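Examination of the molecular architecture
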Amino acid sequence: MTAKPAAAAARATVYGYPRQGRNRELKKAVEGYWKGRVTADALRETAAELRRTTWRQLADAGIHEVPTGDFSYYDHVLDTSVMVGAIPARHREAAEADALDGYFAMARGTQDVAPLEMTKWFDTNYHYLVPELGPDTVFSADSAKQVAEFGEARALGHTPRPVLVGPVTYLLLAKAAPGVAADFDPLTLLDRLLPVYAEVIADLRAAGAEWVQLDEPALVQDRTPAELNAAARAYRGLGSLTDRPKLLVASYFGRLGEALPVLAKAPVDGLALDFTETGAGNLDDLAAAGGLPGKRLVAGVVNGRNIWINDLEKSLATLGTLLGLADRVDVSASCSLLHVPLDAAAERDLDPQVLRWLAFARQKTAELVTLAKGLSSGTDAIAGELAANRADLASRAGTALTRDPAVRARTAAVTDADGRRSQTYAERTVAQRAHLGLPPLPTTTIGSFPQTTELRTARADLRAGRIDEAGYEERIKDEIREVLTFQEKAGIDVLVHGEPERNDMVQYFAEQLTGYLATQHGWVQSYGTRYVRPPVLAGDISRPEPMTVRWTAYAQSLTERPVKGMLTGPVTMLAWSFVRDDQPLGETARQVALALRDEVNDLEANGTSVIQVDEPALRETLPLRAADQAAYLEWATESFRLATSGVRPETQIHTHMCYAEFGDIVQAIDDLDADVISLEAARSHMQVARELAAHGYPREAGPGVYDIHSPRVPSAREAASLLRKGLEAIPAARLWVNPDCGLKTRGWPETRASLENLVAAAREIRAELPADPA
C-alpha cells in the first residue's frame, strides 16, 4: 500500500553530528595546541575544515537544514556558559587575556586554578562541564561563536539551523558555585538569563537565521510544577519576541510527559520529540494534547544512540500517524548523532553480513533521507530501500550469533543464593583486615597507569609485525615492573599492575568474550579529547578462558603487598557498549555477570586477595524517570552481586564509580554489597562523602582526593584538606585514600608527583589519628 504524501514535503534533518572527524583530527589538533605543537590559528582552521566537511556530507546526503553551533572544541555546555557570560571568577583573568586559553582552563584547569566540575550528560557516557552559578551571577551575551558558524555554513550555500542548549536545561544542569549556599537554586536566575538568550537569538536573526533550535532534554525528566511553570514562562517570553527567527524546541532521551502540553501551548513554531523506544508514550501524549496545529513537528524516529539499522516500515507507520498531528512533519534521529560513530563503511574487518545490521552517523543520515522521501512521495518511491531493509532485519534476527543454548541454560539456573556473599559485611571485614594487614587510611589507585608513547608504539609494532608476541609481552612485563616499583617506593599500600596490556576498560574484555564485536574506527566522544570505541554487543555472552589472571598473578609475584585484580562490571560493560536491542537489558547483564563471576573466582584461586569490579556507569544508566528506576536498579545491583559473590569472606571486593551524581542511588550502592567503594569527589569537594554519611553507608569508601581529568598536580596540603573533609563524614577506620579515577590519560611526571603528594597527605593525617581510629 502506498502511503499518503504529506501536505508539505517532509524533510530530513539532524540535531547534531560527531565532531571529531574521520581520523579524530580534532583530538589531535586540540592536544597539539595544549602541547604547543599547534598554533591557535592552525587549530581554528582544523575546526573550520571539520565543520565544512560535516555540512557538505549532510547536504550531499539530502539533509535540508544543517545544524550549526553544535561543534565544540571541548563541550557544548561549556560553550553555552561562554555564550551567556557565566565564567567563574577564578577563570576570568585567563579568559580576558586569551579567550581560547581561558576556555580550556575552565575545562581542564591549570596548576593554579581548578576546572569546572564534570559529570554525565543525562543517561549517556558523554560528560559535560557543570555551570557554576550563584545569586550574584551576572549574565552577558556573547553570540560570536553562534553567529560565526551560522555565517560559515550560509556562505557555503547551506541552510543552517543554529542549535543552542535551552535556558531551562542550562539552569537545571547548573550547580551552586563554590562559596554559595548548597541549597541555591540556579533556576531562580531564569528571568536574568532570558534577556541574554533573547539577545543571542536576535543576533542570529540579524545574521539571517530562519530557525533556531533550543534543546531542552532536561524536560524529559520528572519536573516539579515550579520547573514546568519556569519552562512555560521561558518560552512564553522567547516566543513573544518581535522580529525573531522561528523557534524549534527540541527534547530527546525520553518521554516529554507533563512538559509536552506546556511546550505545545507555548508561542513557539515547532517541537522535536523522541518517537523511538526511549520516547515511548510521546505519540499518545501528543495526540492527547491536541497535536501541534499550525506548527512544525520534527519526529525522532531513528535511534540516535545505538548502532542497529532502523526498521524503516515501522518508522514510516509512526510518521504516517504523526501527519495528522502537525502542519508539517520532518524526520530526524531521536537525538544528536554525537553519540554514535561516524561511518560504518570504514569498518573493513567486520563480517559483511554484520555490517548490514549497523548504522553509524552517515548511515543514519541516509535512513532519515529515505524516510523523508517515503513520507513525502509514498512507499513506492523507496520500494528498493524497504526490500533491502527487510532482508537485513531478517538476517540479523535469524543469525546463530545471537543465541547460545548453554549460556541461556546457565542464566536460567541462577538462584537468589548465587547473588549473596557467604557472610555479612560485618563478619567479612574482620577477616579481611586480619588477612590484608592494612594501616588506617590505606592508599591505592583506581587501576590504570599512564599509557606511554612506548606502550602505544609497542602495540602498533605488534599489529604491524615489527615485533612478535614474545617481544611485546616482555615490554608489558617491563612496564608492570616499573609501575610496581614506583608504587612501592611511593608508599602505596594496595597496588595495581597498571593495565599496560589493556586498550580500554570495556573493549579489552569485550575482545575476549563471545557475543561481542569490536570496531576499528567506531570512535565516540566521552569528554573533551577523550574518545572511546564502544564494542558492539551482538549475541549471547560467555568467557572462553581467563582474561586477566595471567598478568595479575605475574604482578603479585613481584611484591609482598596486595595487588588488586581489575575488572569492568556488568552494567558498565553494557552501558559503554552498543547493546543488543532484541532482549531485555537485565538478561544481557546476567550473562555478562556470569562470565565475570568465572574471572573473579579464577583470580581468587590464583592468589588475588583484593578484586575491584568497576561500575562507573551504574548511575549513568539510571532511567531518567523515577517510575522506571526501581526495576533497573534491581537487575543492575543483582548482576554485580552475581559477579562478585562467589569468593571467600577474606577476599575483599572493591568497586569504583566516577563523574556522576550519586546522591539518588546511595541505597543501590549499599545494595551492591561491595566491601570498598572508590568514588570521584575532588571536583565536587567531597559531596559524595557527605551523601554516603547521610545514608548511613556502613562499608569502606575512598572518595577521591586527586582530580585526574586535569593536568594540574594537587599539593599534599590540598589532598590533606580534602581528606579532612572526608573524615568529617566517614570514620578513619573506613576511609581509603585514592585518586578520582584511573591514570591512563595522564603523563608520568604529573602522576608521580600527584601520587607522592597523595601518600604524604595520608601519612600526615594518619599520624594525627588516635591509636585506634575506630
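Residue numbers here run from 1 along each chain, matching the order of that chain's written sequence. At least 70 in pLDDT is required for a residue's local features to be given in this predicted model, at least 80 for side-chain atom pairs to be given and counted, and no such filter applies to totals for whole chains, interfaces and linings, which use all residues. Side-chain metrics in this entry use all non-hydrogen atoms of the structure; hydrogen atoms and water are not considered.

**Section: helix α1 (residues 25–34)**
Along α1, the residues that are buried comprise Leu26, Lys27, Ala29, Val30, Gly32 and Tyr33. Contacts: residue pairs with any heavy atoms within 4.5 Å of one another. Helix numbers and strand numbers start at the N terminus; a helix is a DSSP run of H or I with at least 4 residues, a strand a run of E with at least 2. Summarising the contacts, the buried residues of α1 are in contact with α2 (40–61), α5 (99–108) and β14 (530–532). Gly36 sits one or two residues past α1 and shows a positive phi near 80 degrees. Summary of the burial criterion: residues with accessible area below 20% of their type's maximum are buried, those above 50% are exposed, and those between are partly exposed, where the area comes from a 1.4 Å probe applied to protein chains only.

**Regarding the packing of aromatic side chains**
Any pair of Phe, Tyr and Trp rings, taking the six-membered ring for Trp, is counted once the centres come within 6.5 Å. Such a pair is stacked with planes under 30 degrees apart, edge-to-face with planes over 60 apart, and tilted for the rest. Going through the model one piece at a time under the given rule, you end up with 17 aromatic pairs. Ring geometry for Phe71 and Tyr73: centres 6.0 Å apart, planes at 75 degrees, overall edge-to-face. The class of Phe71 is buried, set by a relative accessible area of 7%. A relative accessible area of 18% means that Tyr73 is categorised as buried. Judged by centre distance (5.4 Å) and plane angle (75 degrees), the ring pair of Tyr103 and Phe104 falls under edge-to-face. Taken as a pair, Tyr103 and Phe104 share a single burial class, namely buried. Clustering of aromatic rings is evident, with ring pairs tying together Tyr33, Trp34, Phe71, Tyr73, Tyr74, Tyr103 and Phe104. The ring of Phe71 is capped by Arg51, whose NZ or CZ atom sits 5.0 Å from the centre of that ring. Consider the ring centre and the ring normal. A charge sits over the ring if Lys NZ or Arg CZ is within 6 Å of that centre and within 35 degrees of that normal. Note that Lys477 overlies the ring of Tyr554, its terminal NZ or CZ placed 5.5 Å from the centroid.

**Focus: the environment of Glu650**
Among the structural elements, Glu650 can be located in the loop between α24 (629–644) and β18 (652–657). Sequence separation between Glu650 and Ala333 is 317 residues; the distance between their C-alpha atoms is 50 Å. When near neighbours in sequence (up to four residues on either side) are disregarded, Glu650 contacts Ala431, Gln432, His435 and Ser609.

**Remarks on the packing of helix α18 (residues 453–464) against helix α19 (residues 469–490)**
For helices, the fitted line uses only the C-alpha atoms of the stretch in contact; every axis is such a line through C-alpha atoms, and the angle between N-to-C directions lies from 0 to 180 degrees. Packing of α18 against α19 leaves a shortest axis separation of 10 Å and a crossing angle of 165 degrees. Classified by the interaxial angle, the pair formed by α18 and α19 is roughly antiparallel. The interaxial crossing formed by α18 with α19 has left-handed handedness. Across the interface between the two elements, Glu454, Leu455, Ala458, Arg459 and Leu462 of α18 pack against Glu469, Tyr472, Arg475, Ile476 and Glu479 of α19. Tallied by class, the residues present in the contact of α18 with α19 amount to five nonpolar, no polar and five charged. Angular relationships are summarised with four words: roughly parallel below 35 degrees, roughly antiparallel beyond 145, roughly perpendicular across 65 to 115, and oblique for the angles in between. Each helix crossing is assigned a hand: it is left-handed if the near helix lies turned anticlockwise from the far helix by less than a right angle, otherwise right-handed if that turn is clockwise. Charged means Asp, Glu, Lys or Arg here, nonpolar means Ala, Val, Leu, Ile, Met, Phe, Trp, Tyr, Cys or Pro, and polar covers whatever is left, Gly included.

**Notes on the sheet that holds strand β8 (residues 246–250)**
Here seven strands make up an open sheet; going across it, the order is β1-β5-β7-β8-β9-β10-β11 and the pairing parallel. The outermost strands of the open sheet, each flanked by one partner alone, are β1 (65–68) and β11 (326–333). The sheet shows a mean angle of 25 degrees between the axes of neighbouring strands, taken without regard to direction. Two strands are said to pair when DSSP picks up at least two bridges between them.

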